[in-house]
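Coordinate inspection notes
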Amino acid sequence: MSNEVWCIIPAAGVGKRMQTAIPKQYLRLHGQTVLEHTVACFLQHSAIHGVVVVVSAADEYWAELAPKYQGQRVYQAIGGQERAHSVLSGLKYLQQTLSLAEDTQVLVHDAARPCLAAADLTALLAAKAEHGAILATPVRDTMKRGFKGQTVISHTEERADLWHALTPQLAPLGLLTMAIEQALQAGITLTDEASALEYLGLHPLLVEGDARNIKITRPADLALAAFFLQE
Ligand SMILES: Nc1ccn([C@@H]2O[C@H](COP(=O)(O)OP(=O)(O)OP(=O)(O)O)[C@@H](O)[C@H]2O)c(=O)n1
Ligand SMILES: C[C@](O)(CO)[C@H](O)COP(=O)(O)O
């Protein structure tokens, strides 16, 4: 039985939607890169045993940051074509390189989400859900479904019990690895870890988190993240 908690930070994206010259995880906020802010959320939390940062094979920036993490149980793995492949690479690193137990609790958190609150991380870890748990925030706007490929309203979606999935997403190492492998093998499109657990018929818990835990995705998000991160 393992009581260890490890975090995988997928940071191997190119940030197309951000329209910046460098990948968004390496843009700077208050003197540090987005990725450094995100890694700090976990290194500063007493429950976290270590972090695996998953970077692109073509990454030109990580080498400059890596020395600052010497001796801090921060490891690097190489990502893949899609986010799910990068997460799976991180999981395999935990299993095969670090030989962690299958019941190790694993958090997966987007590098592009630097505004994670320590209290939310603590609340998620308290969930200790054997079939997974995710941070999420209830939808606040009326949600419209458009006709496929058109900017024309088809209908209004029922808003009750509708949530925005955030990260971290938490699950046992062996279960999550198996779920992602099986879902990818079946051709399922995975945009988060819970989707893979759902594919197995499991129902992860929803833990309400702060809506300020935004994912830097489009140009306007950087200034918003800077505002949320200001001292
Ligand atoms: N092959 C990929 C794609 C994405 N990510 C990571 O997954 C997180 C969430 O993905 P997203 O916001 O979509 O990042 P990008 O894929 O870089 O953005 P875009 O879709 O605009 O290119 C990011 O931290 C990103 O670095 C990853 O590790 N490996
Ligand atoms: C994992 C995630 O952040 C949960 O909302 C989201 O699914 C990532 O999606 P992306 O298209 O890879 O940014």
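These figures come from a predicted structure and were not determined experimentally.

Along the chain, Thr167 connects to Pro168 via a cis peptide bond; the corresponding omega equals 10 degrees. Here Pro168 shows up in strand S10 (residues 163-172). Phi is positive for His30, close to 50 degrees, though the residue is something other than glycine. His30 gets classed as partly exposed once you look at its relative accessible area, which sits at 47%. For Asp161, which is not a glycine, the phi torsion comes out positive at approximately 65 degrees. Its location among the elements puts Asp161 in the loop between strand S9 (153-157) and S10. Assessed through its relative accessible area of 73%, Asp161 is described here as exposed.

Lining the immediate surroundings of ligand 2 are Arg17, Arg83, Asp110, Arg113, Ala165, Thr167, Thr191, Asp192 and Lys215. One nitrogen or oxygen atom from the side chain of Arg17 is found 3.2 Å from an oxygen atom belonging to ligand 2. With respect to ligand 2, the side chain of Asp110 contributes an N or O atom lying 2.6 Å from an oxygen atom. Placement of ligand 2 is best described as lying within the largest pocket. Here the residues of the shell around ligand 2 sort into one nonpolar, two polar and six charged.

The next subject is the pattern of salt bridges. Enumeration over the complete set of coordinates arrives at seven salt bridges. Salt-bridge contacts for Arg145 lead to Glu157; the nearest nitrogen and oxygen are separated by 2.8 Å. In this pair, Arg145 sits in strand S8 (residues 143-146) while Glu157 sits in strand S9, placing the two residues 12 residues apart along the sequence. Residue classification places Arg145 among the partly exposed positions, given a relative accessible area of 47%. Through salt bridges with shared partners, a single ionic network connects Arg83, Asp110, Arg113 and Glu193.

Okay, the sheet that holds strand S11 (residues 205-208) next. Note on sheets: strands pair through backbone hydrogen bonds, and any given pair is parallel or antiparallel. Taken together, seven strands build an open sheet; the order of strands is S5-S4-S1-S6-S10-S7-S11 and the sheet is mixed. The open sheet has two edge strands with one neighbour each: strand S5 (74-78) and S11. Shown here is a sheet whose adjacent strand axes are inclined to one another by a mean of 30 degrees, direction ignored. With six bridges joining them, strand S1 (residues 5-11) and strand S4 (residues 50-55) adopt parallel strand pairing. Considered in S4, the bridge of Ala11 is made with Val55. Where helix H1 (residues 34-43) meets the sheet, it contacts S1, S4, S5, strand S6 (105-108) and S10, and its direction lies at approximately 170 degrees from that of S1. Against the sheet, helix H5 (residues 173-185) makes contact with S6 and S10, and its axis sits at roughly 120 degrees relative to S10, the strand it touches most.

Right, let's talk about the nonpolar core for a bit. Nonpolar side chains tend toward joint burial in soluble globular proteins. Formed by 29 residues in total, the largest nonpolar core has its most connected members in Leu35, Phe42, Val53, Trp62 and Leu107. When contributions to this core are tallied by element, the ones reaching two or more residues are S1, H1, S4, helix H2 (62-65), helix H4 (118-127), strand S7 (133-138) and S10. Look past the residues within four positions of Leu107 in its chain and what remains in contact with it is Val5, Trp6, Cys7, Ile8, Phe42, Ile48, Leu121, Leu124, Leu125, Pro168, Gln169 and Leu170.

Next up on the list: the site of ligand 1. Around ligand 1 lies a shell of 19 residues, among which Gly15, Lys16, Arg17, Lys24 and Ser86 are the nearest. Lys24 is positioned with one of its side-chain polar atoms (N or O) 2.8 Å from an oxygen atom of ligand 1. A distance of 3.1 Å separates a nitrogen atom of ligand 1 from a polar backbone atom of Gln81. Residue composition of the shell around ligand 1, grouped by class: six nonpolar, six polar and seven charged.

All right, on to the UniProt feature "site: Transition state stabilizer" (unreviewed entry) in the protein then. Within this numbering scheme, the UniProt entry marks Arg17 and Lys24 as carrying the feature "site: Transition state stabilizer" (unreviewed entry). Put simply, the named residues that line the largest pocket are Arg17 and Lys24. Take Arg17: it is sitting in the loop between S1 and strand S2 (28-29). What makes Arg17 partly exposed here is its relative accessible area of 45%. With residues up to four places along the chain from it excluded, the contact list for Arg17 reads Lys215, Thr217, Arg218 and Pro219. Considering the arrangement of structural elements, one finds Lys24 in the loop between S1 and S2. A relative accessible area of 11% means that Lys24 is categorised as buried. Discounting residues that sit within four places of it in the chain, Lys24 has contacts with Gly15, Met18, Val34, Ala112, Ile216 and Thr217.

Rules of the game
Residues numbered from 1 in each chain as written. Chains lettered and ligands numbered in written order. Predicted model: local features only at pLDDT ≥ 70, side-chain atom pairs only at ≥ 80, totals over all residues. Heavy atoms only, no water. Helix = DSSP H or I, 4+ residues; strand = E, 2+ residues; numbered from the N terminus. Buried < 20%, exposed > 50% of the residue type's maximum accessible area, 1.4 Å probe, protein only. Near = heavy atom within 4 Å. Polar contact = N/O pair within 3.5 Å; in protein donor to acceptor, adjacent residues only side chain to side chain. 1 Å grid on protein atoms, 1.4 Å probe; cavity = no way out; pocket = protein on both sides within 12 Å on 5 of 7 lines; lining within 4 Å. Sits in = over half its atoms within 2 Å of the grid points. Nonpolar A, V, L, I, M, F, W, Y, C, P; charged D, E, K, R; others polar. Salt bridge = Lys/Arg side-chain N within 4 Å of Asp/Glu carboxyl O. Pairing = 2+ DSSP bridges. Axes fitted to C-alpha atoms, helices over the stretch in contact; angles between N-to-C directions. Contact = heavy atoms within 4.5 Å. Core = buried A, V, L, I, M, F, W, Y, C linked by side-chain atoms within 4.5 Å. UniProt positions renumbered as here; feature names shortened; annotations may be inferred.

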